[in-house]
Each structure stands twice: as C-alpha cells, then as structure tokens.
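Here's the letter readout for the chains.
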Amino acid sequence: MSSASNKSADPRGILIVDLGTQYAQLIARIVREAGSWCEIAPPSLALAKAQAMNLGGIILSGGPASVYADDAPQVPVELLDAGVPVLGICYGMQWMCRTLGGEVTPADEREFGHTSIVIEQARDLFQDVEGRTVVWMSHGDQVTALPAGFEAYAASDTCASAAVGDRARRLYGLQFHPEVSHTVRGREIVENFLISVCEMPSDWQADSIVEREVARVREIVGETGEVVLGLSGGVDSSVAALIVDRAIGPRQHCIFVDNGLLRTGERETVEQTFREHFGLDLTVVDASERFLARLKGVVDPEQKRKIIGHEFVEVFREEAKRFSNAGYLGQGTLYPDVIESVAVHGGNTAMIKSHHNVGGLPEDLEMDLVEPLRELFKDEVRAIGRHLGLDEIVVGRQPFPGPGLAVRIVGEVTPEEVAILQEADAIVTGEIEAAGADEGLWQYFAVLLPVKSVGVMGDARTYENACALRVVESRDGMTADWTYLDHELLRRISNRIINEVRGINRVVLDISSKPPSTIEWE
Ligand code: XMP
C-alpha cells in the first residue's frame, strides 16, 4: 500500500486492529482522551480501513490466541509497511515479531497480573518513564528472539522482551497491557507513542463528536422518520435523547419503562426531570407485572437478561405503534455494552455477558436502531452531556444496569425480593451520599444473595438472606477496583440494613476487582 493516505481532509487517525482483546475500546479511549481520532477494525477489514483513513499510526491489540494456533488472527502484513508507526500489544507484538523473523515460544511460567519491569531505554515510548514500574501482564507465549533491527526497551524477571522496538522503522511492541489502569504509567506510554512517535494532533473534542453524531442520526432517520427512545434517566439514555433531540426535535418520543426492577423513587425522579425540566415528549409505561411474571422461576443470569431485553423491546414496539412513522428504536448503548456482547465491527472479542440493550434484540425487530453513543465511552458521554448543558446530577449519576435489580438478585427474582433489595439499596445509597463518600466512586449498591444464614434478633433466632455490599472505583466499567469505606460508615450501613430490612440478617463486603470478577454479580 502507499505510504500515506491522500485523505488529507479527514482528521488524522490511529487505526486499532482488534485481534480479539477485551480491551480494544480501552485503547481507543486513551487515544481519544489524548485528543486523537481513532477507529477500530478487525483484521479482515484493517487494510481497507487503513487505506481509507488519513492514517497517523497503527495499534495492534492483544488477543487470547497463541500465534501458533490454527485460528490465530492474521494482520495484513502490508500494515507493517504502511509508512506510519506501529505499536503491537501482547499478541499484536508477538505476531509482529514472528512475522518479521523473530521467535515466539511458550514461556516456562505464565505471567499474569501486576509485574515489575525495568526500563532499559528511557526514550521513544518510554520517554520520561525511567527505572522500575509496575505493569499488567497476561500472556503464555513470549518473544525469545528479536527480529533484525529490533532491540529490547524493557524487561521483567521472567521476560527479557517486555518491550521492544525498531527505532528506524518506528515499529514497537509491548508484552504488557498499557491500556489497563493496573499498568501504572500505561497512559504515558501510549501518549508517548501518539505524540512523540506518531506526532498526532489533539483535535478530537466534545463539540466535534456531537456534530458528527447529530449528522449521523439525521442521515439514518431522514426527513420524516420518528424515533422511539428508551429513556431510563441514566446519563447514557439522557445524552442519547439530547443528541436525537438536536437532530430531529419533536420526531423523538421518549419511553420510560417501569419494569418493576427499579430503585426506590426512580420513576418519579425521571418523570420530573425529563418531562418538566427538559420538555421532552415522555411516556411512562408501567410494565412491572409483566416483567416479573416472565422472570418467575428463572435463575440463569443470561436467561434473565434475555427475557428482560425481549420485554423491553416488546414494550417499545407496542408504544411505537402509536406513532405513524416510528420505524426507529433509540438506545443509549455504549461501546462497553457492545464490546462484551458481540464483536464490534465484526471483531474477534469473546462474549462475556449479553447486555440487555444488545444481546436481547430479536432477529425480526422491524425497527432500525439509532444508537448515537455506540462508539463512545462513558467519560466521553459525560463530557458531551456537560457540553449539551445537562445537569451535573444526571451527568454524575452512578451507572445502573438496564436489567436493573434483576442482576443484583442472584437466582430467581420475586416481587418480595425486589422489595427487600430496594430497601437495602436505598440505605446503602443514602448513607454513602449523606457521608459525602460517593466522591470518586463508580458504583455503590447492594446485592441480594440466595444464601440463608442463622442470626439472632432480640431473643429470637432468625434464618434470612445475606446481602453483599459492592463498592467500586473505575474509570469506565471495563476494569474496576473494590474500595474500602470508612469503618463507621460500614458499621452504620450494616446496622441499618440488618435492623430495618426484614429478610436480611447478614451483610458481607465484596472485595473483588474486575478482572477477574465483574462489577455486577450476574
Ligand atoms: P460488569 O458487571 O459487566 O458491568 O462488570 C460493567 C458496567 O456495566 C453496567 N452493566 C450494564 N449496563 N446494561 C447496561 O446498560 C446491562 O445489561 C448491564 N450490565 C452491566 C454495570 O452496572 C457496570 O457499570
């Protein structure tokens, strides 16, 4: 391929080749936060995409395969010769080194988790990153012989090629994952690649994102189409609604579905905020009975999600019939919702959970989707929300999953359990917010466990459920760390739940990070 694209009118962009990682979107987010446009493509579309873009650099992601596996993803080799810098991460590095004549072999010991590396050359990707630093490793194979022209930039105790590069050809490889927050200086390393090596400009900002998405909605919906949009009151659907509003105004009809799996007071707040304050056309549908009836006896998490997704769509479909030309379903689907369910753009990413607004859609939907946030991250959505004048209360609200409390009641969901969890959750939320301890937290909530244990209340024996307290910090929901709350606050929450909520006699603390756990329990 030619060394530079002639699409000089487009913003310069980084092409991220998704080789099956869970983290392609995280890489994209870091690139965009550095103010650079980027796109993601699976290997099969990478060459065409590279030729169509005003290409500034290429990042080859990690992936679960071994380069020796029969179905190992293959990157078009032309990309190594595209005249722009290339950064290979984990599998991407192994593929690049092997393709260029190096050797990759299974390591004696699998390297997983926090690992200390020593920077041997503090330049290029490691400019101003000196000495020892902690990175996140997750690999079985490793590069044992470098291709001609390459040299090691960093090493760990068990991996001599933790980072490698060929300065002359501007090809670099990292065995660790700079995109996950556990890699302490990962962001700087990626930024060094973008700014020092690729010389990317910083021209990707909230106003250009809004402009692009408004134009896309207009293109999809046309001059006369109407959109029915599921408005939950969370930041995602609120921002989606405002973008669609900018694009087509009163041809958007917002629907709030009370599925009986909401937190206390949620429905009332949403009605007040969006109908009265924002003046949107909002209909509230009370569908709690039918959702709970469908969930009766169902214990499998995936099954629960699918049922809920299906019911949502049925409600939207029924509502859409009230309008003459509502052939479009609007949703606040985000990149992370998509990446963990199906492969974005046909990429290789393995499925973990089917999020309701993606996995639950039927084949015969008969409505086209309008998802203005489908390629954006939470941070970007929040920035856009502020840019569009959304209140900080909405912009900063903690995420709440589409399937609601159903994925926080482990096992079968009954109306009685929903009521118990609502009470416990209101205590958790209320106490944490009253103490001002919500600052910096991503989510804080209660989970009802199908575990009964013995307790004593007054003089009587109790035999009731346990509830888990889940408090996490995260930047985007893709990775998360559990957080410790102040001792007195924990004591207050626990005392109040056990004393006030009939049905719970034990509170436990969830101290699991993501990965390997997930934030929600189901
Ligand atoms: P997990 O449990 O996958 O959650 O670590 C990551 C983030 O996504 C939220 N979440 C959902 N959001 N529909 C949504 O809109 C869903 O089905 C869904 N499931 C999880 C979760 O609350 C966390 O912030």
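To keep things clear, this report deals only with the structure shown in the data block.

**Examining the environment of Ala320**
Here's step 1: Here Ala320 is to be found in helix 9 (residues 301-320).
Here's step 2: A relative accessible area of 7% means that Ala320 is categorised as buried.
Here's step 3: Sequence-wise, Ala320 and His253 are 67 residues apart; in three dimensions their C-alpha atoms are separated by 8.6 Å.
Here's step 4: The residues contacting Ala320, other than those within four sequence positions of it, are Val228, Ala326 and Met367.

**Description of the nonpolar core**
Here's step 1: Grouped together as the largest cluster of nonpolar side chains are 47 residues, with contacts concentrated most on Ile432 and Ile497.
Here's step 2: Within the residue set of this core, elements represented by two or more residues are strand 11 (252-258), helix 8 (288-295), helix 9, helix 14 (415-434), strand 15 (443-457), strand 16 (460-473) and helix 15 (487-500).
Here's step 3: Excluding its chain neighbours within four sequence positions, the residues that come into contact with Ile497 are Ala424, Ile427, Val428, Cys467, Ile504 and Val507.
Here's step 4: Counting residues in each nonpolar core, the second largest holds 38 residues, with Trp37, Trp204, Leu282 and Leu376 among its members.

**Brief notes about the side chain of Ser513**
Here's step 1: Inspection of the secondary structure assignment puts Ser513 in the segment after strand 18 (504-509).
Here's step 2: A polar side-chain atom of Ser513 sits 3.2 Å from a polar atom in the side chain of Asp481.
Here's step 3: Among residues more than four places away in sequence, those in contact with Ser513 are Ala480, Asp481 and Trp482.

**Points about the sheet that holds strand 7 (residues 151-156)**
Here's step 1: The strand order across the open sheet formed by 9 strands is 2-1-3-4-9-8-7-5-6, and the pairing between neighbours is mixed. Single-partner strands in this sheet number two, and they are strand 2 (37-41) and strand 6 (132-145). For this sheet the average axis-to-axis angle between neighbouring strands, irrespective of direction, equals 20°.
Here's step 2: In this sheet, strand 7 lies alongside strand 5 (residues 103-119) in antiparallel orientation, the contact comprising 3 bridges. Bridged to Val118 within strand 7 is Ala155.
Here's step 3: Sheet strands touched by helix 2 (residues 43-52): strand 1 (13-17), strand 2 and strand 3 (55-60). Its angle to strand 2, the strand with the most contacts, is close to 140°.
Here's step 4: The sheet strands contacting helix 3 (residues 91-99) are strand 3, strand 4 (86-89), strand 5, strand 6, strand 8 (163-166) and strand 9 (171-174), and the helix crosses strand 4 at an angle near 115°.

**What about the environment of Val77?**
Here's step 1: Among the structural elements, Val77 can be located in the loop between strand 3 and strand 4.
Here's step 2: Every residue in contact with Val77, bar those within four places of it in the chain, is listed here: Trp95 and Thr99.

**Focus: helix 2**
Here's step 1: For helix 2, every residue scored as buried is listed here: Pro43, Ala46 and Ala50. Buried residues of helix 2, viewed axially, fall in a sector of 20°; they line one side.
Here's step 2: Its buried side turned inward, helix 2 meets strand 1, strand 2 and strand 3.

**Quick look at unusual backbone geometry**
Here's step 1: Cis geometry marks the peptide bond from Lys514 to Pro515, where omega comes out at -15°.
Here's step 2: Take Pro515: it is sitting in the segment after strand 18.
Here's step 3: Backbone torsion omega between Pro515 and Pro516 reads 10°, so that peptide bond is classified as cis.
Here's step 4: Mapped onto the secondary structure, Pro516 falls in the segment after strand 18.
Here's step 5: Here Asp124, not a glycine, exhibits a phi torsion of approximately 55°, which is positive.
Here's step 6: In this structure, Asp124 sits in the loop between strand 5 and strand 6.
Here's step 7: Classification of Asp124 by relative accessible area gives buried; the value is 9%.
Here's step 8: A positive phi angle, close to 65°, is found at Asp128, a residue other than glycine.

Thresholds applied
- Residues numbered from 1 in each chain as written.
- Predicted model: local features only at pLDDT ≥ 70, side-chain atom pairs only at ≥ 80, totals over all residues.
- Heavy atoms only, no water.
- Helix = DSSP H or I, 4+ residues; strand = E, 2+ residues; numbered from the N terminus.
- Buried < 20%, exposed > 50% of the residue type's maximum accessible area, 1.4 Å probe, protein only.
- Contact = heavy atoms within 4.5 Å.
- Core = buried A, V, L, I, M, F, W, Y, C linked by side-chain atoms within 4.5 Å.
- Polar contact = N/O pair within 3.5 Å; in protein donor to acceptor, adjacent residues only side chain to side chain.
- Pairing = 2+ DSSP bridges.
- Axes fitted to C-alpha atoms, helices over the stretch in contact; angles between N-to-C directions.
- Arc of directions from axis to C-beta.

Scope: geometric values only; no functional claims are made or implied.
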